[in-house]
Amino acid sequence: MAAPGRRKLEELSLDEFLAAGSDSEHDGGWEDEEDEEEEGGRALNGTARQRRPSGKAAQGLQARPGRKKGKASEHKDQLSRLKDRDPEFYKFLQENDRKLLDFDASDSSEEEEALHRPPDTLEEASDEDEDEDEEQEKVKRKKVSLIHVSLKMVEEWKKAAQRNLTPKLFHEITQAYKAAVATTKGDSGGDPSKFQVTDTAVFNALVSFCIRDLFHLLHKLLLPKAPKNKLKMVLPSTSPLWGKLRLDVKVYLGCTIQLLSCLTEASVGAAVLQHVNSTVPYYLSFPKQCRALLKQTITLWSTGEETVRVLAFLVLNKICRHKKEVYLSPLLKQMYIAFVKNSRFTSPNVLPMINFMQRTLTEMLALDSATSYQHSFIYIRQLAIHLRSAMTLRKKENFQSVYNWQYIHCLYFWCRVLSTIHPSEVMEPLIYPLTQVIIGCIKLVPTSRFYPLRMHCIRALTLLSQSTRTFIPVLPFILEVFQQVDFNKKPGRMSSKPINFAVILKLSNANLQEKAFRDGLIDQLYDLLLEYLHGQAHSIGFPELVLPTVIQLKSFLKECKVANYCRPMRQLLEKLQENSAHICSRRQRVTFGVASTAAVEQWEKQLKEEGTPLSRYYTQWKKLREKEIQLEISGKERLEDLNFPEIKRRRPDERKEEDKKEFKDLFELDSDSEEENGGFSVKGKGTASDDSSEASSKEFGEEDDDEEGNYEVEEDEEEELEEDSEAEAEEGREGAQRAQGAQQRRSCPRGLSRSDLQQLAQGGEDLVQDLEFSDED
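What comes next concerns the included structure. (Residues numbered from 1 in each chain as written. Predicted model: local features only at pLDDT ≥ 70, side-chain atom pairs only at ≥ 80, totals over all residues. Heavy atoms only, no water.)

## Some points on the overall build of the chain
Part 1: Of regular secondary structure, the chain possesses 35 helices and two strands.
Part 2: Relative to its full complement of 777 residues, the chain shows a buried share of 38%.
Part 3: Taking the contacts inside the chain whose residues are at least 6 apart along the sequence as the reference set, 74% of them involve residues at least 24 apart.
Part 4: When the accessible area of the chain is evaluated, it comes to approximately 48400 Å², of which 50% is carbon and sulfur surface. (Helix = DSSP H or I, 4+ residues; strand = E, 2+ residues; numbered from the N terminus. Buried < 20%, exposed > 50% of the residue type's maximum accessible area, 1.4 Å probe, protein only. Contact = heavy atoms within 4.5 Å. Areas by Shrake-Rupley, 256 points an atom, 1.4 Å probe, with all protein chains shown as cover.)

Here it is, written out as structure tokens:
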């Protein structure tokens, strides 16, 4: 604020401005100091008038006057002048801060010397100091006496809640529940609870009470009247008592999520999930807690036990049905990622869980076609990009990105999605690109080693074709196998167990030489042909569609000499010819032309309802097939329950060593003869089997595992498949080596008996050979 008598800065000339600046730079006289003091006094008066009601203004004045000159006498003069300029404020200081007016200037010099002068550089507080302060605060909090929860307290809370649940009582129970949950996984953060739970029985009683009864009583308190429309969800936030209970409900829901993440027992986890399913309206009132619940529930849906998975899916489905626009899109993304992560390995035990994830995720995608189309388009395009990279680069890592379980399960999953949502105008455009990706996957490495992968792709195409009523040329990929495999060739080796094509993607060279490979392949071809042609059995063009198949089956029956392979194919051929004759006889009596599409569809629909010879045969075959699968599963379970004693078979070498130790004196001289008879192996044709296996692999376009097209897609999975074959091959080679060693020992002179030795000792002269000695000897 400028002093009176001074001109404004814009009115000064350059010389006057420089002169004024030079005057202010040097220390002026007493008059200048007084002018400055007057300016400070006026500013002080203005500030005092604005801040007069507060007592802090005087405290600010106590520090301000000394800043300019640092002399207590000058400060006292300013206060004396304040009495004349602003008597009201001076009176206010007399009433509220008398010490400020009775300022003593006698020891001003001492006070000036005692003033603290700040250093040139200030030290910054480090994070370590802040952490130490936080730890000290936590220690202080822990020092506060905690109330130990007992069974008696839990029972009292339970009875009081059943009589009349009040917000104060609910707060007490929530704090105890928070303390109980904190023992499972450390402190949950935030304000600590005033309770402490140390006994296991108390923990079980408290958690059981909260899960079973507490929220049922809370719901009655918040919403005493049942809604008229039971299908419509009523949020508890509409209750007038919600404001008093909101914070405690929020704490309770967060603790329940933490408890859900700590449980390992399936039965307890199922009980908590049932409770969570009933409290979904409360979670919908808190978006942050709801997102945390969805994240934890997705983990349980993809990795939990069977019952836990089902209950977790019910929670996810319930939340998305009521808040579809908020949670559905991010939830679909997270569920798909979890599905892909947990479908990396496939075995007979894991396969049902993978199928469960496919079906449930399909149901979630069916909630909204528009949202599902966005995700479907992105992920099908991603599959196509991986396939394009493998087809153009032709490198091992690119092939591995396609020929693995995750890729195959994703292909089948999207076929299931499009089949379930059909008819849908939104999703229908994705049928063609998905079909092209699957066909490209089959053609990527079309060798016999990847026949199992081809079977999976053919089943996906069959499902998509039948459900969407779209013609997909699947038969060429099935009939191609008849031309590539020589079923008359004798197997190079025998196998002890059949090959399960449902849980493998690739066959080893040893598997290709086994009899089980051809047996399983015939069954797979029979099943695939019957499943695909069953879907086309009512088509008006069935005779023309099935003609290439009939020709190929006749050629196979003419060339194949194995009765077990010819029998099912001959039966299938007869059914196909019978169905073709039935279609021909029915369509000869029609009056419409080929161009009338509506009439053709109506005719096919009527024929499908009436049934065809092939469809009736397929129904019977399907029932028998399901019974066989159930018997196979139950048979395995019965064998596991019997607990047969384990038979430990010793090797011939071990038995030989034990016999030598036990009968050392008796058979000391006949040890060589024992070695001749020991060590024979039944599998003496191990090397021949390997040679035939290599020759066969070259015949099918396969040479070694390092060559292009033979890629170890999943090493962990294929170790199980190749362990048996490698072990048998090694046993065969060892047997051949032992047999060869036995033949060599037979050619050597046999050991002499005691009588022969005595006769030899009493007989003619010993034969002595001349020995040549070296210079060193």
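Still more ground to cover, so stick around.
## Digging into the pattern of salt bridges
For side chains bearing opposite charge, pairing can occur when the charged atoms are close.
Part 1: Enumeration according to the criterion identifies eight salt bridges in this entry.
Part 2: A salt bridge links Glu480 to Arg454; the nearest nitrogen and oxygen atoms lie 3.0 Å apart. One end of the pair, Glu480, is in helix α24 (residues 475-484); the other, Arg454, is in helix α23 (residues 451-468), and 26 residues separate them in sequence.
Part 3: A residue is classified by how much of its surface remains accessible, and Glu480, at 26% relative accessible area, is partly exposed.
Part 4: Between Arg587 and Glu544 there is a salt bridge, with the nearest N and O atoms lying 2.8 Å from each other. Of the two residues, Arg587 sits in helix α28 (residues 563-587) while Glu544 sits in helix α27 (residues 542-559), which places them 43 residues apart along the sequence.
Part 5: Take Glu544: its relative accessible area is 48%, and that puts it in the partly exposed class.
Part 6: Residues participating in the shared-partner salt-bridge network are Asp527, Arg625 and Glu628. (Salt bridge = Lys/Arg side-chain N within 4 Å of Asp/Glu carboxyl O.)

## Observations regarding helix α22 (residues 431-444)
It helps to recall that an α-helix has 3.6 residues per turn; residues three or four apart then point in one direction.
Part 1: Across its 14 residues, α22 extends 20 Å between first and last C-alpha, which sits within 8% of the 20 Å expected from 1.5 Å per residue.
Part 2: Taken across its 14 residues, α22 has ten buried, putting it largely inside the fold.
Part 3: Every buried residue of α22 is listed here: Ile431, Leu434, Thr435, Val437, Ile438, Ile439, Gly440, Cys441, Ile442 and Leu444.
Part 4: Tucked inside the fold, the buried residues of α22 contact α19 (369-393), α20 (396-400), α21 (405-421), α23 and α24. (Expected span 1.5 Å × (residues − 1).)

## Comments concerning unusual backbone geometry
The phi torsion of most residues other than glycine is negative, and most of the peptide bonds are trans.
Part 1: Following His422, the chain continues into Pro423 via a peptide bond in cis, with omega recorded as 0 degrees.
Part 2: For Pro423, the position within the fold is in the loop between α21 and α22.
Part 3: Here the phi dihedral of Arg394 falls at roughly 55 degrees; this positive angle occurs in a residue that is not glycine.
Part 4: Counting through the fold element by element, Arg394 comes out in the loop between α19 and α20.
Part 5: When its relative accessible area of 36% is taken as the criterion, Arg394 is described as partly exposed.

## What about helix α26 (residues 515-535)?
Part 1: The end-to-end C-alpha distance of α26 is 31 Å, a good match for the 30 Å that 21 residues give at a rise of 1.5 Å each.
Part 2: The buried fraction of α26 is high, at 16 of 21 residues.

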